[in-house]
Every structure is written in structure tokens, then in C-alpha cells.
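# Working through the structure, step by step
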Amino acid sequence: MTGASGGVGTSAEALKIITRNVYSEALLFEAMSSAVQGEAVTVGAAQHERWMREAIRAAREAELAGEVPVGTCVVVDDELVAVAGNRTRTDCDPTAHAEIVALREAARKVGNYRLAKAVVYSTIEPCAMCAGALIQARVPLLVYGAVDEKAGAIDSHFGICSSDQLNHRVTVVSGVLEAECRALMQEFFRARRTAGMEDDLEKEDTETR
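Bear in mind the structure is a predicted one, so any value in this text is a computation, not a measurement. (Residues numbered from 1 in each chain as written. Predicted model: local features only at pLDDT ≥ 70, side-chain atom pairs only at ≥ 80, totals over all residues. Heavy atoms only, no water.)

## Description of the pattern of salt bridges
Side-chain pairs of opposite charge can arise whenever the charged atoms involved come near each other. Condition: Every case where a carboxyl oxygen of Asp or Glu lies within 4 Å of a side-chain nitrogen of Lys or Arg is listed as a salt bridge. Counting from the N terminus, the helices are DSSP H or I runs at least four residues long and the strands are E runs at least two residues long. Each residue's exposure class comes from its accessible area (1.4 Å probe, protein chains only) as a fraction of the maximum for that residue type: buried when under 20%, exposed when over 50%, partly exposed otherwise.
On inspection of all chains with the given rule, the structure shows 11 salt bridges. Taking the shortest distance from any N to any O, the salt bridge between E180 and R60 comes out at 3.7 Å. Highlighted residues: E180 in helix α5 (residues 178–195) and R60 in helix α2 (residues 45–64), separated in sequence by 120 residues. Taking the relative accessible area as the measure of exposure, E180 reaches 27% and is therefore partly exposed. We note a salt bridge from D93 to R104, for which the minimum N-O separation is 3.9 Å. Linking D93 in the loop between β2 (79–85) and α3 (98–110) with R104 in helix α3, this pair joins segments that are 11 residues apart in sequence. Connected via shared salt-bridge partners are R53, R60 and E180.

See the structure below:
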């Protein structure tokens, strides 16, 4: 009996040790993950501006095509993987926001729908649909230019990328080349209103994608 009890006690103690080790490893992994995310967030401002200018270029090209001037680029390991502007009117597709188009292209090029090493740059705060796509793609870092006070779903409304109800959270850097990104949108809609070009779908809310 004593031997049996000793065996049980030894097993229980061993189990406690194993549990503590697993827990410690989990904490270490979490700390390492946080450190990696922190490193990504502290990338120099010049680097963020470099890629945001690519997104702005795509936004200007979209404007020339009659689209709302929003642009997005996806960067992996400091290499440009995808860049796109809005294509909702061009493709007659309500989901063809710049972020969605760029994420699709990036996933095709990477060969994986999970973009776990990607940084996404968007000229405007993503909407609920695009924020949801960032979650689904497991994007670790989003960098955007100007807030979208009406439809933004990152900081303006909803807080989708930081929600505890979802199984992934996205680190967010905002305000990169903010004035330039905001001016693109303001000038576009001002010109449309001046020219009387609002279509029926935009009469109630002319500043929409």
C-alpha cells in the first residue's frame, strides 16, 4: 500500500511538473509572439511611408478609372506582394474594395489564404467587410492613413481588429501620411458634388465606397 501510494504521489508530482513546464513554455511563446509583433509595429516611419505611397499611387489610379480613391498594398518580408485600388464599379462587384482585391492577390501569390507574415497598408481605415477579411487572413499588422468616420471599423466603429470575441487580433498603426490620404477622398467627393455626378446609390451618402 505504501509503495502504491508512493507511486501515485510520484505520478501526481510528475504531472504537476509537466503542467508547470507546459504553462511556462506557453508563456514564453506568448512573450516571443508579442515581441515579434512589437518589432513589426516599431518599423521606422520612413518604411511605413514608403509603402503607404504605393497605396496612394494605387488610389490615384483607381480615381482615374472612376473609382473612389482608396488604395492598398500588401508587404511580406519587406517585399511588395500585391497592390490594388478600389474596383467596385470597374468589376461591378460590391466586395471589390482595395483591401479585398489586394488580399486576394497576395494570397494567390503566397499560395496560402493565411497571410501570417503580411503587413497591409491602406490609405483609409478599412470598413467592416475589409476588417473581417484581415481577421480571416490572420494579418498581423495593419497600417492605414486617414480615419473613415462614417464607415471605418477599426478605430471609428466596432473595433473589429481588437475584438476579444474573435480568434485573432490585428496590431494597428494609423495616421501614416494621413493628410495626403484624407485629401484624396475629400477632393474626389468635392469634385463629384461640384459636377453633379452623384449617382442614385450615393445621393443619401455621397462619401462612400
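Next comes the rest of the write-up.
## What about α2?
The test is simple: To estimate how far a helix should reach, multiply one less than its number of residues by 1.5 Å. Directions drawn from the helix axis to the C-beta atoms are what define this arc.
An ideal rise of 1.5 Å per residue puts 28 Å on 20 residues; α2 measures up with 28 Å between its terminal C-alpha atoms. Of all the positions in α2, only H48, W51, M52, A55, I56, A58, A59 and A62 are classed as buried. End-on view of α2: buried residues confined to an arc of 160°, all on one side of the axis. Facing away from the buried side of α2 by more than 90 degrees, the exposed set consists of A46 and L64. G66 occupies a position one or two residues after α2 and carries a positive phi of about 85°.

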